[in-house]
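Read off the chains here:
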Amino acid sequence: METTKQKGNGIAILMMIFLFAMISMVTNLAAPIGIIWKNQPALEGSNTLGMLGNMMNFLAYLFMGSPSGKLLTKIGYKKSALVAIAIGFTGMFVQYLSGVVLTESVWFGLPANFFVYLLGAFIAGVCVCMLNTVVNPMLNLLGGGGNRGNQLILIGGSANSLTGTLTPILVGMLIGEVTKNTTMVDVNLVLFIAMAIFAVSFIVLFATPIADPQASKAAGNSVDAHSPWNFRHFVLGAIAIFLYVGVEVGIPGTLLFFLSDTTANGAGLDPATAVNIAGFTAGTYWFLMLVGRFSAGFIADKVSSRTMMIAVNALGIVLIIAAMLVPTSVTTSMPIFTGSSFAMTVIPMSAVLLVLCGLCTSVMWSSIFNLATEGLGKYTAAASGIFMMMVVGGGVMPIIQNVIADKIGYMVSYIVPLLSIAFMLYYALFGSKNVNTDIPVE
């Protein structure tokens, strides 16, 4: 009986890790597809409009964070995941439709099919939010909590980073050079692959016997005078998570736009290979996140979250400042991860410095979550739901960054992640201490 249970847990763990990987695939489609839209004549090369798909993807977290948790409680992990996958397929299909419907119509001065794409991006974001709600707690519960649960989440995070690495590379390879004549039709193969993955995942998950692990029961429906918002270190941690997701997405997303921009404002790369190199470079950022998360799994039991946060944020500040100060005309050769190997590629030095930030952002989520929920006791579950809503920062902050990129310049726009990382360093140094120890948490 015990062997059967372990086998069942093993299948469930593998399925959750695969779903963790799908989260990154859906999320990281937004930036490379945004390059196609920003190069449409009607959008006039606007980085802000090009990043709107990413914003819609993350805006879904604001609306679905709390409902996803309630749905999970009502119908369980497996059914919630199945609903999420079905919604994800729908999101990809609507994005496909944006290339074939309303292509000649104009709404509010913009192509009407652009709004269809944004709707698809929002639906896909709903899927990702729901999958996140399922995967993180289920891996923790399947591992029995504690170190084992944390280890499974780190493994899932590594799979997440792997698909984050491969997605922009795959899109860059399949699309090739992006011009004003490139449309959503040219990305159909990518969307068909995504829809196929969703369809197969639904069938496999439906046929996989997964029992919901038993979580500790909440303390009934009694009225409580307190909430996570009564804890100063949680409030500051929620702000830190909002900013962190903006940093994680904004650094590679804007870098993708910068390297693929063949105008005088861009990196000056060959138009024939700019998008491909941009995809490889952004993929390398995510590859370094994979390296960072994988490595952190070996030291997390010896190095505190606070120490890791101080170290990576201090390094991140140095790297971003250096990237902003180095002239974009200064280039260097860097081994760029191409999906199967590394190839030496000439890119601006500033891009290299920003890619290295992937090592810094790799451990920020888990560290902030750990620090912000320390000592919350019975309020931890509610805190987790709030954290999921704060992921909307991954949509808001990159938009702000790209407004600056449009108005002043790409490198200047990195003042947004720089200030965000500075706040996270403050949080690690001073704001993460629980000063509300008088509130009962049992």
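Residues numbered from 1 in each chain as written. Predicted model: local features only at pLDDT ≥ 70, side-chain atom pairs only at ≥ 80, totals over all residues. Heavy atoms only, no water.

Caption draft 1: View of the pattern of salt bridges. In total, this model carries two salt bridges according to the counting rule given. Here K38 and D261 are joined by a salt bridge, their closest N and O atoms 4.0 Å apart. One end of the pair, K38, is in helix 2 (residues 30-38); the other, D261, is in the loop between helix 9 (232-260) and helix 10 (274-299), and 223 residues separate them in sequence. Neither residue differs from the other here; K38 and D261 are each classed as buried. Taking the shortest distance from any N to any O, the salt bridge between E248 and R293 comes out at 4.0 Å. Of this pair, E248 sits in helix 9 while R293 sits in helix 10, and the two are 45 residues apart along the sequence. Judged by relative accessible area, which is 12%, R293 ranks as buried. (Salt bridge = Lys/Arg side-chain N within 4 Å of Asp/Glu carboxyl O. Helix = DSSP H or I, 4+ residues; strand = E, 2+ residues; numbered from the N terminus. Buried < 20%, exposed > 50% of the residue type's maximum accessible area, 1.4 Å probe, protein only.)

Caption draft 2: Structural context of the layout of surface pockets. A volume near 330 Å³ is recorded for the second largest pocket. Surrounding the second largest pocket, 21 residues form its lining, K38, G45, D261, T263 and Y410 being those nearest its centre. Secondary structure elements with two or more residues in the lining of the second largest pocket: helix 9, helix 10 and helix 16 (393-407). Of all the elements, helix 16 adds the most residues to the lining of the second largest pocket, at three residues. Its residues assigned to classes, the lining of the second largest pocket shows eight nonpolar, eight polar and five charged. (1 Å grid on protein atoms, 1.4 Å probe; cavity = no way out; pocket = protein on both sides within 12 Å on 5 of 7 lines; lining within 4 Å. Points joined across faces, edges and corners; volume = space filled by probe spheres on them. Nonpolar A, V, L, I, M, F, W, Y, C, P; charged D, E, K, R; others polar.)

Caption draft 3: Broad picture of empty space enclosed by the protein. In this structure the tally under the stated criterion is three cavities of 30 Å³ or more. Volume-wise, the largest cavity comes out at about 130 Å³. Lining the largest cavity are 13 residues; nearest its centre among them are N28, A31, P252, G253 and W286. Take the lining of the largest cavity: its biggest share by element is four residues, from helix 9. Classifying every residue of the lining of the largest cavity by side-chain character gives nine nonpolar, four polar and no charged.

Caption draft 4: Spotlight on a nonpolar patch on the surface. Taken together, the side chains of L170, L174, L189 and I193 define a hydrophobic patch exposed on the protein surface, amounting to about 300 Å² of accessible area. Breaking the nonpolar patch down by element, the ones donating at least two residues are helix 7 (146-175) and helix 8 (188-207). Position of L189 among the secondary structure elements: in helix 8. (Patch = residues over 30% accessible without salt bridge, like charges linked within 9 Å, V, L, I, M, F, W, Y side chains within 5 Å. Areas by Shrake-Rupley, 256 points an atom, 1.4 Å probe, with all protein chains shown as cover.)

Caption draft 5: Expanded view of the side chain of T361. Inspection of the secondary structure assignment puts T361 in helix 13 (residues 357-361). A distance of 3.0 Å separates a polar atom in the side chain of T361 from a polar atom in the side chain of Y285. (Polar contact = N/O pair within 3.5 Å; in protein donor to acceptor, adjacent residues only side chain to side chain.)

Caption draft 6: The arrangement of the packing of aromatic side chains in detail. On inspection of all chains with the given rule, the structure shows 17 aromatic pairs. Judged by centre distance (5.9 Å) and plane angle (50°), the rings of F423 and Y426 are tilted. With a gap of three residues between them, F423 and Y426 both fall in helix 17 (residues 415-431), about one helical turn apart. The rings of W37, W107, F108, F114, F115 and Y117 are connected pair by pair, giving a single aromatic cluster. For K38, the ring lying beneath its charged end belongs to F257, and the centroid distance is 5.2 Å. (Phe/Tyr/Trp six-rings, centres within 6.5 Å; stacked < 30°, edge-to-face > 60°. Lys NZ or Arg CZ within 6 Å of the ring centre and 35° of its normal.)

So far we have only geometry, and geometry alone does not tell us how the molecule works.
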